[in-house]
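# Summary of structural features
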Amino acid sequence: MYIHLLVLTFCGLRNLVSGSTFSPARPPAIPLAVKSPYMNTWLEVGNDGGSGGVLPGYWPGPQPGPVAGSNGAVTAWTGFITVDGSSSTWMGAANVNGVVPPSVTQTSLEYTSTRSTFIMNVAGKVSMNVTFLSPVTPNDIRRQSVTGSYLSVTVAAIDGGSHSVRLYVDTSAEWTSIHNSDTAQWSYSVDNGVANHKYWRQTQSEFNADYPDDAAHWGYWYWSTAATSSMTYQSGSDVNVRGNFLNNGVLPNTQDTNYRPISDNWPVFGFANALGNVGSSPVETLYTIVHAQQNAIYFDSANGDVGVPSLWTSYWNSDLDMVGFFYNDFRNMASLSEATDSQFAGDSIAAGGQDYLTITSLSARQAFAAVQLCRTDAKPYLFLKEISTDGNIQTVDVLYPAMPIFLYSNPILVKYLLDPLFENQEAGKFPQAYAMHDLGANYPRAIGHPSGDGAEYMPLEECGNMIITTLAYAQRAQDTGYLSQHYSILKQWTSYLVQEALVPENQLSTDDFQGQLANQTNLALKGIIAIQAMSEIASKTGNGADATNYSNIAHDYIGKWHEMAVVTDANPPHTNLDYQDDSSHGLLYNLYADRLLGLNLVPQAIYDMQSAFYPTVAETYGVPLDTRNVFTKSDWQMWTAAIASHSTKTIFISLLAKWINETPTNRAFTDLYNTQTGDFAGGQFIARPVVGGHFALLALNGAPTAASGK
Ligand SMILES: *[C@@H]1O[C@H](CO)[C@@H](O)[C@H](O)[C@H]1NC(C)=O
Ligand SMILES: *[C@@H]1O[C@H](CO)[C@@H](O)[C@H](O)[C@H]1NC(C)=O
Ligand SMILES: *[C@@H]1O[C@H](CO)[C@@H](O)[C@H](O)[C@H]1NC(C)=O
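This one's a predicted model, so the numbers in the text were calculated from it and none came from an experiment. (Residues numbered from 1 in each chain as written. Chains lettered and ligands numbered in written order. Predicted model: local features only at pLDDT ≥ 70, side-chain atom pairs only at ≥ 80, totals over all residues. Heavy atoms only, no water.)

Regarding its fold elements, the chain presents 17 helices and 27 strands. For a compact globule of 710 residues, the expected C-alpha radius of gyration is about 27 Å, and the chain comes in at 26 Å, within 12% of that figure. When its C-alpha atoms are laid out on the principal axes, the chain stretches across 80 × 65 × 40 Å. Every one of the 710 residues in the chain was classed for burial, and the buried ones make up 64%. Expressed as a percentage of contacts within the chain between residues at least 6 apart in sequence, the contacts between residues at least 24 apart total 70%. Summed over its atoms, the accessible surface of the chain is roughly 22600 Å², and 48% of this surface lies on carbon and sulfur atoms. If the 33 positive side-chain charges of the chain are averaged to one point and the 60 negative ones to another, these points end up 6 Å apart. (Helix = DSSP H or I, 4+ residues; strand = E, 2+ residues; numbered from the N terminus. Rg over C-alpha atoms; globule rule 2.2 N^0.38 Å. Buried < 20%, exposed > 50% of the residue type's maximum accessible area, 1.4 Å probe, protein only. Contact = heavy atoms within 4.5 Å. Areas by Shrake-Rupley, 256 points an atom, 1.4 Å probe, with all protein chains shown as cover. Lys, Arg positive; Asp, Glu negative; His and termini not counted. Charge placed at Lys NZ, Arg CZ, Asp CG, Glu CD.)

Attention shifts here to the pairing of strand 13 (residues 184-191). Relative to strand 14 (residues 194-201), strand 13 runs antiparallel, the two sharing eight bridges. When the bridges of strand 14 are listed, Tyr-188 appears paired with His-197. (Pairing = 2+ DSSP bridges.)

Turning next to the sheet that holds strand 6 (residues 77-83). Backbone hydrogen bonds are what pair the strands of a sheet, in a parallel or an antiparallel way. The strand order across the open sheet formed by five strands is 7-6-12-17-16, and the pairing between neighbours is antiparallel. Of all strands in the sheet, those with a lone pairing partner are strand 7 (86-91) and strand 16 (231-237), marking the two edges. When the angles between neighbouring strand axes are averaged without regard to direction, this sheet yields 20°. Bridging between strand 6 and strand 12 (residues 163-172) involves seven bridges; their strand directions are antiparallel. Residue Thr-82 lies in a different strand from strand 12, and its bridge partner there is Arg-166. Against the sheet, helix 3 (residues 238-248) touches strand 6, strand 7, strand 12, strand 16 and strand 17 (267-278), its axis set at about 150° to strand 16. (Axes fitted to C-alpha atoms, helices over the stretch in contact; angles between N-to-C directions.)

Taken in spatial order, the three strands make up an open sheet running 20-19-23, and their pairing is mixed. Because the sheet does not close on itself, it has two edges, and the strands there are strand 20 (304-309) and strand 23 (445-446). As defined by bridge partners, strand 19 (residues 295-301) adjoins strand 23 across two bridges and the pair is classed as parallel. Across the sheet, residue Phe-299 finds its bridge partner in strand 23, namely Ala-446.

Turning our attention to the site of ligand 2. Near ligand 2 you find Ser-495, Val-498, Asn-549 and Ile-553, and these make up its full shell. Interatomic distance of 2.4 Å between a side-chain N/O atom of Asn-549 and an oxygen atom of ligand 2. Look at ligand 2: alone it shows 360 Å² of surface, and the protein chains cover 40% of it. For the shell around ligand 2, the residue count by class is two nonpolar, two polar and no charged. (Near = heavy atom within 4 Å. Polar contact = N/O pair within 3.5 Å; in protein donor to acceptor, adjacent residues only side chain to side chain. Nonpolar A, V, L, I, M, F, W, Y, C, P; charged D, E, K, R; others polar.)

Going through the model one piece at a time under the given rule, you end up with 21 salt bridges. Where Glu-44 meets Arg-667, a salt bridge forms, and the shortest distance between an N and an O atom there is 3.3 Å. Of this pair, Glu-44 sits in strand 4 (residues 39-44) while Arg-667 sits in the loop between helix 16 (646-662) and strand 27 (672-674); the two residues are 623 residues apart in sequence, bridging distant segments of the chain. The pair formed by Glu-44 and Arg-667 is uniform in burial state, with each residue classed as buried. Here Asp-546 and Lys-491 are joined by a salt bridge, their closest N and O atoms 3.0 Å apart. Of this pair, Asp-546 sits in helix 12 (residues 544-565) while Lys-491 is found in helix 10 (residues 487-500), placing the two residues 55 residues apart along the sequence. On the basis of relative accessible area, Asp-546 is assigned to the buried category, the value being 14%. You can call Lys-491 partly exposed: its relative accessible area is 29%. Shared partners join several salt bridges into a network, and the residues in it are Glu-386, Lys-633, Asp-635, Asp-671 and Arg-688. (Salt bridge = Lys/Arg side-chain N within 4 Å of Asp/Glu carboxyl O.)

For helix 6 (residues 396-409), with 14 residues, the first-to-last C-alpha span of 20 Å sits near the 20 Å given by 1.5 Å per residue. At Ala-402, helix 6 shows its largest bend, some 50°, and a proline, Pro-404, comes one to four positions later. Taken across its 14 residues, helix 6 has 14 buried, putting it largely inside the fold. (Expected span 1.5 Å × (residues − 1). Bend = angle between axes of the 7 residues up to and from the residue.)

This next bit is on the packing of helix 8 (residues 459-477) against helix 11 (residues 521-540). One way to put it is that helix 8 packs onto helix 11 with a least axis distance of 8 Å and a crossing angle of 40°. In this view, helix 8 runs oblique relative to helix 11, as classed from their interaxial angle. Seen from above, helix 8 lies across helix 11 with left-handed handedness. Contacts from Leu-460, Glu-461, Gly-464, Asn-465, Ile-467, Ile-468, Leu-471 and Gln-475 of helix 8 reach helix 11 at Leu-523, Lys-526, Gly-527, Ile-529, Ala-530, Ala-533, Met-534, Glu-536, Ile-537 and Lys-540. The residue makeup of the contact of helix 8 with helix 11, split by class, is ten nonpolar, four polar and four charged. (Parallel < 35°, antiparallel > 145°, perpendicular 65-115°, else oblique. Left-handed = near helix turned anticlockwise from the far one by under 90°.)

By a widespread convention, an interface's size corresponds to the accessible area lost as its parts come together. What the domain assignment reports for the chain is domain 1 (3-293) and domain 2 (338-604). Put simply, the middle of domain 1 and the middle of domain 2, counted by C-alpha atoms, are 38 Å apart. Opposite the 37 residues of domain 1 that make contact, domain 2 presents 30 residues. Across the domain 1 to domain 2 interface the summed buried area is about 2900 Å²; carbon plus sulfur atoms make up 60%. (Domains from an automatic or database assignment. Buried area = accessible area lost by both parts, 1.4 Å probe.)

Taken together, Arg-115, Thr-117, Ile-119, Asn-129, Thr-131 and Ser-152 form the complete shell of residues around ligand 1. Within the side chain of Asn-129, an N or O atom sits 2.4 Å from an oxygen atom of ligand 1. In the model, an oxygen atom of ligand 1 is placed 3.4 Å from a nitrogen or oxygen of the Thr-131 side chain. Notes on ligand 1: free accessible area 360 Å², of which the protein chains cover 52%. Residue assignment for the shell around ligand 1 shows that the elements contributing at least two residues are strand 9 (115-122) and strand 10 (126-133).

Following the criterion strictly, the structure yields six cavities of 30 Å³ or more and no others. Quantified by volume, the largest cavity comes out at close to 230 Å³. Examining the composition of the lining of the largest cavity, we find that three residues originate from one element, strand 4, more than from any other. Of the residues that constitute the lining of the largest cavity, the class distribution is twelve nonpolar, nine polar and four charged. Estimated volume of the second largest cavity: approximately 160 Å³. The element that contributes the greatest number of residues to the lining of the second largest cavity is helix 11, accounting for three residues. Its residues assigned to classes, the lining of the second largest cavity shows six nonpolar, eight polar and four charged. (1 Å grid on protein atoms, 1.4 Å probe; cavity = no way out; pocket = protein on both sides within 12 Å on 5 of 7 lines; lining within 4 Å. Points joined across faces, edges and corners; volume = space filled by probe spheres on them.)

The next subject is the nonpolar core. Membership of the largest hydrophobic core comes to 181 residues, with the highest contact counts inside it found for Trp-77, Ile-81, Trp-90, Leu-151, Phe-383 and Trp-561. It is helix 11 that provides the largest number of residues to this core, a total of eleven residues. Counting contributing residues, this core receives three or more from each of domain 1 (3-293) and domain 2 (338-604). Of all hydrophobic cores here, the second largest spans 17 residues; its members include Tyr-150, Ala-292, Trp-316 and Ala-334. (Core = buried A, V, L, I, M, F, W, Y, C linked by side-chain atoms within 4.5 Å.)

Below, the discussion takes up the environment of Val-617. With respect to the helices, strands and loops of the structure, Val-617 is situated in the loop between helix 14 (604-613) and strand 26 (631-633). Taking the C-alpha atoms as reference, Val-617 lies 57 Å from Gly-160; in sequence the two are 457 residues apart.

Here is the structure:
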């Protein structure tokens, strides 16, 4: 009892639900295998239809969906364990001819930036540690390029005895396509000591993917484990393969060669492991799931249309070489991921406390799984998918909010994101004076917009984003050459801003779900900050006259902006949402760029004024984005928090952490929600890269305190 009280006192973030504890929080959904836009399998948790956070008894699903609980598309993943002859389910919701093995008892779920760990108790006899590790190794690009995820299952006796244990796991052909009428094909092989079930969509269609369900129509899945003498395997119908394990404890080492549609006697790919008598020493069994695409992106590059290979093809000659490396590299990947965990945790706690770590650690895998490392010849690229909202590729106003995690964890990744945008536009493939909104409407087809239109019209937004992001990268990486290389087009975009930024015409900002508006205060501020950023770029690259000119313009504009933007007679005073409406307000998140770049263009009084204002309009789960409704954006809240006073920062962070614990949403971290109910707001924004923006506090580490040329 005493110990129980201590737990409640010192671990206030642990909730007791369904007997399982949650640490650091009960998330809306928990990442399982989350490593690329096409490997995005989560367990839904929230009350809108999720499992409550318990692994057995519920199907994992691909995000953004359609998923289990909605219309039934799942990435089936089944786990059974047999202890002293008695079988139970530890993952999935398999029904084998009416037999549903009872669920093991889950005692806890813990997540870090790279792994989700479920602890199970099996009849008081053995405990299981089921860990899903999706490595995040930003400074080891070779390892980061592998589109694979680990499942480690450790079993140990907990009652002082020893028990006969058999373990079973399968994946299904549902991983190959969200359309159950599609025909799957599969094979089995042993290579490098690793046993592989390989399965794929029989009709491969390179560079085609579904929107909005985000499934690739090409590539090969590898579901693997160690080829040991105690391992048996089988491919076949779900009922047959699972039934063999439940009835016999082993699989017959046979392959079903009747390739067929996914829902025709549901093909599954099983492994069984006889662990023998397990005592108190833990016995680990390791599995991997890999999605291998030789070519990943179709790109209208400086050299014309090319298929861009996945970056891992630079390091391994074949799918199987990569899969074998990945399987056998587990110890290294795990220790590098632990290093990532402890770096992100240490920095998050220092910057914003435990609540902030609750937010960042749920965001890391989601952000990294929305991008793919690719290359042409020796040149790496990082392609970004605007998952769930349009499916555009390299959307500039999505790359911009996502930027903090990349800038913080390895700035070179920001260059790899920007490069394809520069390359396409500098080759003259976008005939407008302003910067392009995206590199193509449908990921993975980076075909640009050679006609100059066809994309969302956000000219001011994207010119500002490109200039600010480019300088942020160059400062952190000390890569002035990059600024010189792109000086001409950056100057072209600055000319656009000089004309348009101070009094923005009626247009969209990145928050397009709020509609168009003239004279947007926050949008104007971005444009003006970007002009000052260009002054800094000019100064660094020896363009002294431009540096002076742009700095003069930016300072002139910021004075005029102040006149139109600040509602001095409000109580407390604040900036407006648009110049002509002094009853309006909004998150002034673009102010963050002034700090990020160390420009000191905007007077400290503006920061202080906004910090004093936000708490007065906070709702249950956050501060509304603006006065048009009670919706908010999690990313923009963290951008705003990063530059707020300590007490206001704490309010933003604690309300978002509270939202994570309590939201009824049951999908991968939505960045758009209702601040009063915690539920979805308007559309569902699922599994988007912009959660990388939750690292806004950390991206300020190493920001210049005062740029040169002041
Ligand atoms: C479970 O296993 C993972 C590694 O696979 C480890 O990091 C974690 O500490 C373990 N958790 C417990 C509670 O034993
Ligand atoms: C300053 O920049 C503006 C906008 O690009 C340009 O029109 C103007 O000619 C420049 N002035 C000087 C002195 O370079
Ligand atoms: C935008 O602001 C300018 C400058 O204050 C003003 O002249 C103009 O009328 C405003 N536009 C709208 C649509 O209110």
